[in-house]
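One letter stands for each residue in the lines below.
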Amino acid sequence: MALDSSPTPPPAGVLPMISMRGVGKSFGAHRVLQGIDLDVHAGEVVSLIGPSGSGKTTLLRCMNFLEAYDEGEVWIRGALLGYRRTPSGALAPETDRGIAEVRAPVAMVFQQFNLWPHMTVLANVTAPLTLAKGMRPDRARAVAAEALARVGMAAKADAMPGELSGGQQQRVGIARALAIHPEVMLLDEPTSALDPELVDEVLEVIKSLSRDGMTMVMVTHEMSFAAEVSDRVVFMEQGRIVAADTPGRIIRHPEHPRLQAFLRPWFRRSLQGGAQAGAQA
Amino acid sequence: MIDFTLLAELLPVFGQAALRTAALVAAGMAGGLLLGFAMNAMRETGLRPLAALYWAYTTLWRGVPFLVHLFIVYFGLPSVGLRFDPFQAAALTLAVYSGAYFAEIFRACWQRIPRGQVEAARCMGLTRRQVFTHIACPQALRASLPLIANQAILVMKESALASVITYPELTMTAGKVVAEQFVYVEPYLLLALSYWALAVLINRLGGWLRRRAAL
């Protein structure tokens, strides 16, 4: 644990939504993340790309402390996440309640949807509102109905998750995240578990969120999509950020040789396919 | 040959004894389910001493024969001032004994709940307790129903040992008829049929519960 160094709060003025400073994470002897510096600003869409095992998902999970980082600091809206300052100035693990408070503005969408299968679609969306936010049930139902309508799932409010297609389940997952009115959404490979023909309906929803100015950080393998919706693309390899820039410089016209190597199969496919928006834009 | 007149005469006696067996099983099940659930609630806290207690309980009670437990409770505990009548002793022993099995059934069902579901709940701000009551419990209990029904049949069969400490349930009743009237076929036939009927009943009840709780 290299947490004894005094943490430097991000600069005053406009606070980044999420700010990572020197973040590192090890699983045993294996360093999955090291020296991560990354700011996500309000309204920004940031995509994390890179080969599997490069640490993208771990990085995303550190942003809401589903994974406890063990070096550096993560700040959400200027509040330190996961640790707190003791009177002596050192950092100590934060309580569950403290963590929940700091990450309250962060919502997450999972690769495997992670809906609760014993609850109806509507109950999946209302449960966090009534249980975590203490919202009255009728008010929660109204908020949930609105969120479900937003992703085109209002008609399935009374269905059980098991009765839905993967794409529909993921849209419910997005509605559940939207309903808490988050300031930032983390999406962990939101379409990777879907059959190819169901990918688009989910990407459409995400696209419309970005049009509405939702701040998003997304791990994805959909390069065309990342190029289309992102303000910034972060390329990772072996637990480090190798390059972070506009989609034009990262995906469409990559200069970094490792990035070129990583994107080559996708370029080849999109040339064959022809209609890949990102490759031609 | 089977003496049907005798069978008819014995029927009400066995009916009454079956009710006593049922009462014993019901009491043992109720206690065992509560205990097994409580043990898991304890284990779920993640506190080390409680987890150790869980381990000690489930291994000790599953590792020692039921009859031995029964002897300790009925013949051993009076020496420290705890006296039970045969029903109390048998029900208590059944409860604590089956509780160890129910605890393990619940634990298996709890651990089958995908981690992602818990993560989703936690990062949406649900507390540990809320995850337990709203996410884990409903699913774990539902998944445990078929296993509980199966275990209930085993509990019912263990209850036959209550005859050893003179609780007049089915097995003791059959033994009494044999000893008093020197007939074997009819009472043992009735005894086997009674247990079989109870097992079918438990199965039916389990199936009904399972259908009611199905998603």
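Right, let's walk through the structure included here. (Residues numbered from 1 in each chain as written. Chains lettered and ligands numbered in written order. Predicted model: local features only at pLDDT ≥ 70, side-chain atom pairs only at ≥ 80, totals over all residues. Heavy atoms only, no water.)

1. Topic: the interface of chain A and chain B
For clarity, the cut-off: Here, two residues are considered to be in contact whenever any of their heavy atoms come within 4.5 Å of each other. We define buried area as the total accessible area lost by two parts upon association, computed with a 1.4 Å probe and summed across both. Here a salt bridge means any side-chain nitrogen of Lys or Arg lying within 4 Å of a carboxyl oxygen belonging to Asp or Glu.
In this assembly, 21 residues from chain A lie in contact with 18 residues from chain B. Of the roughly 1800 Å² buried at the junction of chain A and chain B (both faces included), carbon and sulfur atoms supply 64%. It is W116(A), H118(A) and L131(A) in chain A that bury the most area against chain B; as a group they hold 34% of the surface buried on that side. Here R61(A) and E119(B) are joined by a salt bridge, their closest N and O atoms 2.6 Å apart.

2. Focus on the pairing of strand β9 (residues 184-188) of chain A
All names here are of chain A. Worth spelling out the cut-off: Here the term buried applies to any residue with accessible area under 20% of the maximum for its type, exposed to any over 50%, and partly exposed to those in between, with areas from a 1.4 Å probe on protein chains only. Numbering of helices and strands starts at the N terminus; helices are DSSP runs of H or I of at least 4 residues and strands are runs of E of at least 2. Whether two strands pair depends on DSSP finding at least two bridges between them. Crossover handedness is defined by viewing with both strands directed away from the observer: a clockwise path from the first strand over the helix to the second marks the crossover as right-handed.
Among the five residues that make up β9, five are buried, leaving the element largely enclosed by the rest of the structure. Here β9 shows no split at all, with V184, L186 and D188 on one side and M185 and L187 on the other all buried. Where strand β8 (residues 106-109) lies against β9, four bridges are found, and the strand directions are parallel. Its bridge partner lying in β9, A107 is registered against M185. In this sheet, strand β10 (residues 215-219) lies alongside β9 in parallel orientation, the contact comprising five bridges. Counted as the bridge partner of L186 is V217 from β10. With helix α6 (residues 196-211) bridging β9 and the parallel β10, this β-α-β connection has right-handed handedness.

3. With respect to helix α6 (residues 128-158) of chain B
Under the convention used in this document: Helix span is expected to be 1.5 Å times the residue number reduced by one. Consider a residue and the seven residues that end there alongside the seven that start there; fitting an axis to each set, the bend is the angle between those axes.
Given a rise of 1.5 Å per residue, 31 residues ought to cover 45 Å, yet the end C-alpha atoms of α6(B) are separated by just 37 Å, more than 12% below that figure. Where α6(B) bends most, at A136(B), the angle is about 45 degrees, and the proline P138(B) comes one to four residues later.

4. Quick notes on the sheet that holds strand β2 (residues 30-40) of chain A
The strands making up a sheet are joined through hydrogen bonds of the backbone, oriented either antiparallel or parallel. Residues and elements named next belong to chain A. Pairing within the open sheet is antiparallel, and its four strands lie in the order β2-β1-β4-β5. Both edges of this open sheet fall to β2 and β5 (79-80), since each of them pairs with a single strand only. Across seven bridges, strand β1 (residues 18-27) lies against β2 in antiparallel orientation. Within β2, the position partnered with M20 by the bridge is L38.

5. A word on the packing of aromatic side chains
The test is simple: Here the aromatic set is Phe, Tyr and Trp, taking the six-membered ring for Trp, and pairing holds for ring centres within 6.5 Å; pairs whose planes are under 30 degrees apart are stacked, those over 60 apart are edge-to-face, and all others are tilted. Charge-over-ring placement is defined geometrically: NZ (Lys) or CZ (Arg) within 6 Å of the ring centre, and within 35 degrees of the ring normal.
The final tally for this structure, using the stated rule, is 16 aromatic pairs over all chains. Seen in terms of ring centroids, F65(A) and Y69(A) are 5.6 Å apart; in terms of plane orientation they differ by 90 degrees. Their pairing is edge-to-face. The two residues F65(A) and Y69(A) agree in class, both being buried. When the centroid spacing of 6.0 Å and the interplanar angle of 55 degrees are considered together, the rings of F37(B) and F132(B) count as tilted. Placement of the pair is F37(B) in helix α1 (residues 4-44) and F132(B) in helix α6, with a sequence separation of 95 residues. What makes F37(B) partly exposed here is its relative accessible area of 27%. Residue classification places F132(B) among the buried positions, given a relative accessible area of 15%. These aromatic residues form a ring-pair network of at least three members: F37(B), F106(B), W110(B) and F132(B). Taking NZ or CZ as reference, R176(A) lies 4.4 Å from the ring centre of W116(A), over its face.

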